[in-house]
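Spelled out from the first residue to the last, the chains are:
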Amino acid sequence: GAGVSQSPSNKVTEKGKDVELRCDPISGHTALYWYRQSLGQGLEFLIYFQGNSAPDKSGLPSDRFSAERTGGSVSTLTIQRTQQEDSAVYLCASSLAGGAVDTQYFGPGTRLTVL
Amino acid sequence: AQKITQTQPGMFVQEKEAVTLDCTYDTSDPSYGLFWYKQPSSGEMIFLIYQGSYDQQNATEGRYSLNFQKARKSANLVISASQLGDSAMYFCAMRDFFSGTYKYIFGTGTRLKVLA
């Protein structure tokens, strides 16, 4: 079946512009996660969705970052007034129910470059 | 606070030999899970193996095994009979079960290069 998909695969933007990153999880997966991976670093947790609600958004680095999920499926991560330090690969993952032992399936990521 | 430490930024191994990738962790939660992921140069994260803190036996998945030493707070990944396709970044991660967070904490990774 189809895996997690993300779009766009690459995004180049100018400092100060807003960007939207999209994630389509595996069908039927209720849990969805957003991560950020800066160059040469591990993954940094941003936010967790269970259905359409976000019980853990503790990793969002500032109020410029927001995310929503609609219909228990597609999620959008929005970064307002982008800064150069926002440049990174943004990864989305989904799992069946969000249980601690559920396997997370990752998308291919969106590479964001802020000039 | 949760923390994952991977002290080996890079490792080399000869094809067909075994290699151990180190991972130590810290948490105050009495129950937690430990994970290893592989990230090839193409960028996708691939789940390899899981170990629960309450598991009595070390986890194994094919050529992957996890050397879990709870008292030492270590969860090393052992890859047996290395193959050229094993060349990739490897990340150790953990999640607490009872802290009320859904956050997975990742280490900074180890880049493994398998030599022919």
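Below is a short write-up of the structure. None of these values were measured; they are calculated from a predicted model.

**Considerations on the packing of aromatic side chains**
Inspection of the entire model under this criterion finds 15 aromatic pairs over all chains. Look at Y33(A) and Y48(A): their rings are 4.9 Å apart centre to centre, the planes differ by 40°, and that puts the pair in the tilted class. Pair noted here: Y33(A) is in strand β4 (residues 31-37) and Y48(A) is in strand β5 (residues 43-50), with a separation of 15 residues, a long-range link. Here Y33(A) matches Y48(A) in class, with each residue buried. Aromatic pair Y25(B) and F68(B): ring centres 6.5 Å apart, planes at 25°, arrangement stacked. Of this pair, Y25(B) sits in strand β4 (residues 24-26) while F68(B) sits in strand β8 (residues 64-69), placing them 43 residues apart in sequence. Comparing Y25(B) with F68(B), the two get one shared label, buried. The structure contains a cluster of three or more aromatic residues connected by ring pairs, namely Y33(A), Y35(A), F45(A), Y48(A), F106(A), F35(B), Y37(B), F47(B), Y50(B), Y102(B), Y104(B) and F106(B).

**A word on the pattern of salt bridges**
Residue and element names in this part refer to chain A. A full pass over the atoms with the stated rule returns 6 salt bridges over all chains. For R22, the salt bridge is made with D24, and the minimal N-O distance between the two is 2.8 Å. By relative accessible area, which is 37% here, R22 ends up partly exposed. For D24, a relative accessible area of 23% translates into the label partly exposed.

**Considerations on the nonpolar core**
All names here are of chain B. In this structure, Y25, W36, I49, L77 and Y90 are the most contacted members of the largest nonpolar core, which totals 25 residues. Of all the elements in the fold, those that place two or more residues in this core are β3 (19-21), β5 (32-39), β6 (46-52), β8, β9 (74-79), β10 (88-96) and β12 (110-115). Among the elements that take part in this core, β10 stands out by supplying 4 residues, more than any other. Beyond its immediate chain neighbours, meaning those up to four positions away, Y90 contacts Q6, L21, W36, Y37, K38, L48, L77, I79, G109, T110 and L112.

**Regarding the sheet that holds strand β1 (residues 5-7) of chain A**
Two pairing modes exist for strands in a sheet, parallel and antiparallel, and in both the strands are linked by backbone hydrogen bonds. Residue and element names in this part refer to chain A. As summarised here, the arrangement of the 4 strands in space is β1-β3-β8-β7, forming an open sheet in which the pairing is antiparallel. In this open sheet, the two edge strands, each paired with only one partner strand, are β1 and β7 (65-69). Geometrically, the sheet is characterised by an average inter-axis angle of 15° between neighbouring strands, direction not taken into account. Pairing between β1 and strand β3 (residues 19-24): 3 bridges, direction antiparallel. Among the inter-strand pairings, S7 is bridged to a residue of β3, identified as R22.

**A short note on the environment of L115(B)**
On the secondary structure map, L115(B) appears in strand β12. Leaving out residues up to four positions away in the same chain, L115(B) has contacts with F12(B), V13(B), Q14(B), E15(B) and L84(B).

**Notes on the side chain of Q39(B)**
In this structure, Q39(B) sits in strand β5. Looking at Q39(B), the relative accessible area reads 10%, which means it is buried. At a separation of 3.0 Å, a polar atom in the side chain of Q39(B) contacts the side chain of Q37(A). Apart from the residues lying within four places of it in its own chain, the contact partners of Q39(B) are Q37(A), L91(A), E44(B), M45(B), A88(B), M89(B) and F91(B).

**Some points on the state of the cysteines**
As enumerated under the stated definition, the model contains 2 disulfides over all chains in all. One disulfide bridge connects C23(A) with C92(A), the sulfur atoms lying 1.8 Å from each other. Torsion about the S-S bond of the C23(A) and C92(A) cystine: about -60°, corresponding to left-handed handedness. With C23(A) in strand β3 and C92(A) in strand β9 (residues 88-95), the pair connects residues that are 69 residues apart, well separated along the chain. The residues C23(A) and C92(A) share a single accessibility class, namely buried. Between C23(B) and C92(B) runs a disulfide, and the two sulfur atoms are separated by 2.0 Å.

Basis of the calculations
- Residues numbered from 1 in each chain as written.
- Chains lettered and ligands numbered in written order.
- Predicted model: local features only at pLDDT ≥ 70, side-chain atom pairs only at ≥ 80, totals over all residues.
- Heavy atoms only, no water.
- Phe/Tyr/Trp six-rings, centres within 6.5 Å; stacked < 30°, edge-to-face > 60°.
- Helix = DSSP H or I, 4+ residues; strand = E, 2+ residues; numbered from the N terminus.
- Buried < 20%, exposed > 50% of the residue type's maximum accessible area, 1.4 Å probe, protein only.
- Salt bridge = Lys/Arg side-chain N within 4 Å of Asp/Glu carboxyl O.
- Core = buried A, V, L, I, M, F, W, Y, C linked by side-chain atoms within 4.5 Å.
- Contact = heavy atoms within 4.5 Å.
- Pairing = 2+ DSSP bridges.
- Axes fitted to C-alpha atoms, helices over the stretch in contact; angles between N-to-C directions.
- Polar contact = N/O pair within 3.5 Å; in protein donor to acceptor, adjacent residues only side chain to side chain.
- Disulfide = S-S within 2.5 Å.

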